[in-house]
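Working through the structure, step by step
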Amino acid sequence: MNNITHHISNTWRILCEESDTREFGKFIAPIVERSIVPEWLEENGFSNAPAPVDSEGQQEKYDILTDSGVRVQVKFRGAKSKSGRPVLHMENTRRSTGKNAGKGSAGGQVRSGIHDSDVYLFVIPMGELWEVEKFEYLVIPTVELEDPKMEGYCRSSVSAKVMDKWLNENPLVTLSM
């Protein structure tokens, strides 16, 4: 049996050949969250650390904490609509029981509360899915993502209006707000 490095490399090769954005996204999401975004933040003057664990041993409902206290939720989103616009969905697939039960969950899809993080940082590949140097970083304050039909919870996806507003803003300035 080959070692894990072989299997990671082999899976990477297969996913790149197939260009299946859904499976590729699941594979690369922890790499983006744990390595690429922290490096990007550091390169741009934001010291950061992974989110701490709560009293039950679970990670907080955000991914990264900056040294200035900004709680960052990271999402890698490679899918595009027919028009070429990024598709920025936000729901998470989780059990909708226990701590995920309630108004923000339905059918295994759990919406984040608007107070669970300060910003969403979307990493959007603008070239091939694996071309890190062509990733675009979009930062949106979480309160901008509130669903008017589900007060206190984020929308299931980012609207075109909200996306366009924050695409015109410098993500580093947004992180500093």
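Use the structure listed above.
These lines cover the structure that appears in this document, whether it is placed above or below. All figures in this text were calculated on a predicted structure; none of them were measured in a lab. (Residues numbered from 1 in each chain as written. Predicted model: local features only at pLDDT ≥ 70, side-chain atom pairs only at ≥ 80, totals over all residues. Heavy atoms only, no water.)

**Structural notes on the overall build of the chain**
Spelled out, the test is: Secondary structure follows DSSP: runs of H or I at least 4 residues long count as helices, runs of E at least 2 residues long count as strands, and numbering of each begins at the N terminus. The buried label goes to any residue with under 20% of its type's maximum accessible area, the exposed label to any with over 50%, and the partly exposed label to all in between, with areas taken from a 1.4 Å probe on protein chains only. The contact criterion used throughout is that any non-hydrogen atoms of two residues lie within 4.5 Å. Under the convention used here, a 1.4 Å probe and the Shrake-Rupley method define accessible areas, while residue burial counts only the protein chains that appear.
Broken down by element type, the chain carries 4 helices and 8 strands. Its helices and strands in sequence order give the chain the pattern α-α-β-β-β-β-β-β-β-β-α-α, from N to C terminus. A buried classification covers 39% of the 177 residues belonging to the chain. Restricting to contacts in the chain with at least 6 residues of sequence separation, those with at least 24 account for 51%. Carbon and sulfur atoms make up 50% of the accessible area of the chain, which amounts to about 10,200 Å² in all.

**So, the pattern of salt bridges**
Any two side chains of opposite charge can pair, on the condition that their charged atoms come close. Cut-off, in case you're wondering: One speaks of a salt bridge when a side-chain nitrogen belonging to Lys or Arg is within 4 Å of a carboxyl oxygen belonging to Asp or Glu.
Here the structure, examined in full by the defined rule, presents 8 salt bridges. In this structure, Asp164 and Arg85 form a salt bridge, with 2.9 Å as the shortest nitrogen-oxygen distance. Placement of the pair is Asp164 in helix H3 (residues 160–167) and Arg85 in the loop between strand E3 (71–76) and strand E4 (92–93), with a sequence separation of 79 residues. Since its relative accessible area comes to 32%, Asp164 is described here as partly exposed. On the accessibility criterion, Arg85 (28% relative accessible area) is partly exposed. Between Glu144 and Lys165 there is a salt bridge whose closest N-O contact spans 3.3 Å.

**Digging into helix H1 (residues 4–18)**
We apply this condition: Working rule for helices: expected span equals 1.5 Å times residues minus one. Throughout this description, a polar contact denotes any pair of N or O atoms lying within 3.5 Å of each other; where both atoms belong to protein, one of them has to be capable of donating a hydrogen while the other can accept it, and for residues adjacent in sequence the pair is counted only when both atoms sit in side chains.
Here H1 spans 21 Å end to end across 15 residues, near enough to the 21 Å set by a 1.5 Å rise per residue. Of the residues that open H1, the one with a side-chain oxygen 3.1 Å from the backbone nitrogen of Thr5 is Asn3. Downstream of H1 by one or two residues, Ser19 has phi in the positive range, about 50°.

**With respect to the environment of Ala51**
Relative to the assigned elements, Ala51 resides in the loop between strand E1 (48–50) and strand E2 (64–66). Given a relative accessible area of 10%, Ala51 falls into the buried group.

**As for the pairing of E3**
Every other side chain in a regular strand lies on the same face of the sheet, so the side chains alternate between the two faces. Applied cut-off: Paired strands, in this sense, are two strands between which DSSP finds at least two bridges.
Burial within E3 is extensive, with 5 of its 6 residues counted as buried. Pairing of E2 with E3, which is carried by 2 bridges, proceeds in the antiparallel orientation. Across the sheet, residue Ile64 finds its bridge partner in E3, namely Val72. Counting the residues in the hairpin turn of E2 and E3 gives 4 residues, including Gly69, whose phi is positive at 90°. In this structure, E3 lies alongside strand E7 (residues 119–125), joined through 5 bridges in parallel fashion.

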